[in-house]
Amino acid sequence: MGGVRISRTNLARGGLAALSGLLSGYAALAVAELVSAAVRPEAGPVTAVGGAAIDRTPAPLKDWAIRNFGENDKLVLQLGILATLAALGLVLGVVALRYRRVGSAGVLMFGVVGAAAAVSRPDSTGVADGLPSLVGGVVGAGVLYVLIGRLLRTRRHAEVSSGSGWDRRGFLIAATAAAAASSGAGALGRTLNGRRGQDAIASRAEVLLPQPASPAAPVPSGAQLRVPGISSFITPSRTFYRVDTALIVPKVDASTWRLRIHGKGVKRPLTVSFQDLLDRELIERDITLTCVSNEVGGPYVGNARWIGVRLADLLRETGVRPPSRGGPADQLVARSVDGMTLGTPVEDVMDGRDAMLAVGMNGEPLSFVHGFPVRMLVPGLYGYVSACKWIEDIELTTFDDYDPYWVKRKWARKAPVKTQSRIDTPKPFARPKAGTVVVAGVAWAQHRGIERVEIRIDDGPWRPADLAAQDTVDTWRQWSFPWKATPGSHTLTVRATDRTGEVQTDKRTRTIPDGASGRHSVVVTVD
Ligand SMILES: Nc1nc2c(c(=O)[nH]1)N[C@H]1C(S)=C(S)[C@@H](COP(=O)(O)O)O[C@H]1N2
Ligand SMILES: [Mo]
């Protein structure tokens, strides 16, 4: 029996070495959290690496993540990063027992990787963003070096008494101290980071939205059907879907926020403050927003009452003309404080529709997740080509000259919303009783309007659903259908026709590159 002899002591020491690796990772993250409070929370390693991972996620994987984790995808990503780091820590700890310097260097290397990710983020403010990961990596490497040192140190006394040859007590003291100091640093970092948004929160609390000069007409009473289980006509802000790449929701202080408008064909570049926007003529409009990642029948669509400034007015003031009137720029690129870029056809923004810089949603200032203080909205276009949240810059350019974030990732340059409809009730696999069952849902074709909705039971004929009153062509429209349900399994299918006469296609396509098409079906069993 030559080679390695695994004694119980060696096994225990190996376990403690792995634990040391884990502890060093914990120390690194905790210190990084503390340092990020002095730099900016977004520069923390998990956020930076997570952001870099999001940017590099291939579209099919992103689709899969959205399908399986929905709006929890970011949480899953961060937990995944932490689990990976924990595993790496365990391995590096064991490595360090054999090669102490190599193990420590490994920890340091992950710090360097985190720092590189942080510095190269689109919203990075410079090399300082690398500090949290770097300092964390140095401290983590040091912790591992010291702890492994305890495991390697021979105590003459110990050797004599137990033959184990390492400094149990010294290790325990060092490990406990490292864990305690890390917890303290991490907690302090968290508290300080939590405080950073206070100015933004205070600035939001101070906002008083003026009465819009052009208010929205009241929602027609017939627009909201009284059918249990149907989406409410106005989506409450709390439950409005959220889709963005931000791992930390930007907290922008409205009192220092500025928006710059510049670029091709801009004769008088403009910088406006939040107050400047509130002082202008405000419009109030109901607009339905949809995400291009919404599957047929999916949840990423919502309808809200928005208040904002007409974007076309602002553009005209700066001297911008649409391409149809000889303007040199055909693409408007909106950039957010977190470095996101979205490209919108200038023609669409200036063709008379209610494209706006929104400051209010459902009677309140925007919430932080929905873009406080200001976001863009263009009726009729998917969110990724129109609805920039936390906007801070508008550049007039051309589609030839610049590809924004999602276009670089193979999504279409232009993406008008496709005509769609969804069955809200009954739910899939519901078991209604035979007799009249009310089938109901929503249909949308923003800026074209919904003309007709039809229902098909199994392979039967298409029959018209009852349409709720239309609010505007920019909003979704509810519909219902009293179905004489007979016992057995049935497939209910819906299709909408928009006001251009276009019937919702049955051709199924994926969400990428320009939105899912196809028809929503629900299978139910009637008892
Ligand atoms: N800054 C920023 N704005 C953004 C995004 C983003 O990732 N970052 N996502 C866009 C997408 S894909 C959609 S569908 C809408 C969603 O807006 P909501 O989260 O308010 O529903 O925001 C758009 N604006
Ligand atoms: Mo989206």
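Just so it is clear, the structure is predicted and the values come from calculations on it, not from any experiment.

**Student:** Looking at this model, I keep getting lost on the overall build of the protein chain. Mind explaining?
**Tutor:** Helix and strand counts for the protein chain come out as 13 helices and 18 strands. Principal-axis analysis of the C-alpha atoms gives the protein chain an extent of 90 × 70 × 40 Å. Looking at the 527 residues of the protein chain, the share that counts as buried comes to 52%. Look at the contacts in the protein chain between residues 6 or more apart in sequence, and 75% of them connect residues 24 or more apart. Element-wise, carbon and sulfur atoms account for 57% of the exposed surface of the protein chain, whose accessible area totals about 24000 Å².

**Student:** I would appreciate a short explanation of the sheet that holds strand E12 (residues 435-444) in the present structure.
**Tutor:** Two pairing modes exist for strands in a sheet, parallel and antiparallel, and in both the strands are linked by backbone hydrogen bonds. Read across the sheet, four strands follow the order E11-E12-E16-E15 without closing on themselves; strand pairing throughout is antiparallel. A single partner strand is all that each edge strand has here, and the edge strands are strand E11 (420-425) and strand E15 (466-467). In terms of strand pairing, E12 meets strand E16 (residues 477-485) through nine bridges, oriented antiparallel. Within the sheet, the bridge partner assigned to Ala-443 lies in E16 and is Arg-477.

**Student:** Even after reading the chapter, I still don't get the site of ligand 1, so can you show me in this structure?
**Tutor:** Among the 20 residues in the neighbourhood of ligand 1, the closest are listed as Tyr-241, Asp-244, His-370, Arg-375 and Lys-389. Contacts to ligand 1 include Arg-375, whose side-chain N or O atom sits 2.7 Å from an oxygen atom. At 3.0 Å, a backbone N or O of Ala-387 approaches a nitrogen atom of ligand 1. Within the shell around ligand 1, the residues separate by chemical class into eleven nonpolar, four polar and five charged.

**Student:** In this structure, what is going on with a positive patch on the surface? I would like to understand it.
**Tutor:** A surface patch of like charges, here positive, comprises Lys-267, Arg-268, Arg-321 and Arg-325. Turning to its location among the elements, Arg-268 is positioned in the loop between strand E1 (258-263) and strand E2 (270-273). Overall, the relative accessible area of 47% leaves Arg-268 in the partly exposed class.

**Student:** What exactly am I supposed to notice about the nonpolar core here?
**Tutor:** In this structure, Trp-306, Leu-332, Ile-391 and Leu-396 are the most contacted members of the largest nonpolar core, which totals 81 residues. Counting residues in hydrophobic clusters, the runner-up holds 20 residues, among them Val-439, Ile-450, Trp-479 and Val-522.

**Student:** Which parts of the structure should I look at to understand the pairing of strand E3 (residues 282-290)?
**Tutor:** The side chains of a regular strand alternate between the sheet's two faces. Among the nine residues of E3, nine are classified as buried, and the element is accordingly described as predominantly covered. Residues Leu-282, Glu-284, Asp-286, Thr-288 and Thr-290 of E3 are buried on one face, and the alternating residues Ile-283, Arg-285, Ile-287 and Leu-289, pointing to the opposite face, are buried as well. Here nine bridges tie E3 to strand E4 (residues 301-310), and the two strands are oriented antiparallel to one another. What sits directly across from Asp-286, in E4, is Arg-305.

**Student:** Hey, could you run me through the packing of aromatic side chains in this one?
**Tutor:** Note on aromatic pairs: each is described by the distance of the centres and the angle between the planes. Tallying each qualifying case throughout the model produces nine aromatic pairs. Judged by centre distance (5.9 Å) and plane angle (50°), the ring pair of Tyr-241 and Tyr-300 falls under tilted. One end of the pair, Tyr-241, is in the loop between helix H9 (198-205) and E1; the other, Tyr-300, is in the loop between E3 and E4, and 59 residues separate them in sequence. In terms of burial, Tyr-241 and Tyr-300 fall into one category: buried. For the pair Trp-406 and Trp-411, a centre-to-centre distance of 6.5 Å together with 85° between the ring planes defines the contact as edge-to-face. For the pair Trp-406 and Trp-411, a shared accessibility class is recorded, and that class is buried. Grouped by ring-pair contacts, the aromatic residues Phe-240, Tyr-241, Tyr-300 and Trp-306 constitute a single cluster. One residue, Arg-100, lies across the ring of Tyr-145, its end atom 3.7 Å from the ring centre. Over the ring of Phe-368 we find Lys-251; its NZ or CZ atom is 5.6 Å from the centre of that ring.

**Student:** Whenever I open this one, the packing of helix H1 (residues 8-38) against helix H8 (residues 168-196) confuses me. Can you help?
**Tutor:** Two measures define how a pair of helices packs: the angle their axes make with one another and the distance between the axes. The N-to-C vectors of H1 and H8 enclose an angle of 25°; their axes lie 7 Å apart at closest approach. Judged by the angle between their axes, H1 and H8 are roughly parallel. For the pair H1 and H8, the sense of crossing is left-handed. Its residues placed into classes, the contact of H1 with H8 shows 13 nonpolar, seven polar and three charged.

Rules of the game
- Residues numbered from 1 in each chain as written.
- Chains lettered and ligands numbered in written order.
- Predicted model: local features only at pLDDT ≥ 70, side-chain atom pairs only at ≥ 80, totals over all residues.
- Heavy atoms only, no water.
- Helix = DSSP H or I, 4+ residues; strand = E, 2+ residues; numbered from the N terminus.
- Buried < 20%, exposed > 50% of the residue type's maximum accessible area, 1.4 Å probe, protein only.
- Contact = heavy atoms within 4.5 Å.
- Areas by Shrake-Rupley, 256 points an atom, 1.4 Å probe, with all protein chains shown as cover.
- Pairing = 2+ DSSP bridges.
- Near = heavy atom within 4 Å.
- Polar contact = N/O pair within 3.5 Å; in protein donor to acceptor, adjacent residues only side chain to side chain.
- Nonpolar A, V, L, I, M, F, W, Y, C, P; charged D, E, K, R; others polar.
- Patch = residues over 30% accessible without salt bridge, like charges linked within 9 Å, V, L, I, M, F, W, Y side chains within 5 Å.
- Salt bridge = Lys/Arg side-chain N within 4 Å of Asp/Glu carboxyl O.
- Lys, Arg positive; Asp, Glu negative; His and termini not counted.
- Charge placed at Lys NZ, Arg CZ, Asp CG, Glu CD.
- Core = buried A, V, L, I, M, F, W, Y, C linked by side-chain atoms within 4.5 Å.
- Phe/Tyr/Trp six-rings, centres within 6.5 Å; stacked < 30°, edge-to-face > 60°.
- Lys NZ or Arg CZ within 6 Å of the ring centre and 35° of its normal.
- Axes fitted to C-alpha atoms, helices over the stretch in contact; angles between N-to-C directions.
- Parallel < 35°, antiparallel > 145°, perpendicular 65-115°, else oblique.
- Left-handed = near helix turned anticlockwise from the far one by under 90°.

Keep in mind these values describe shape, not function.
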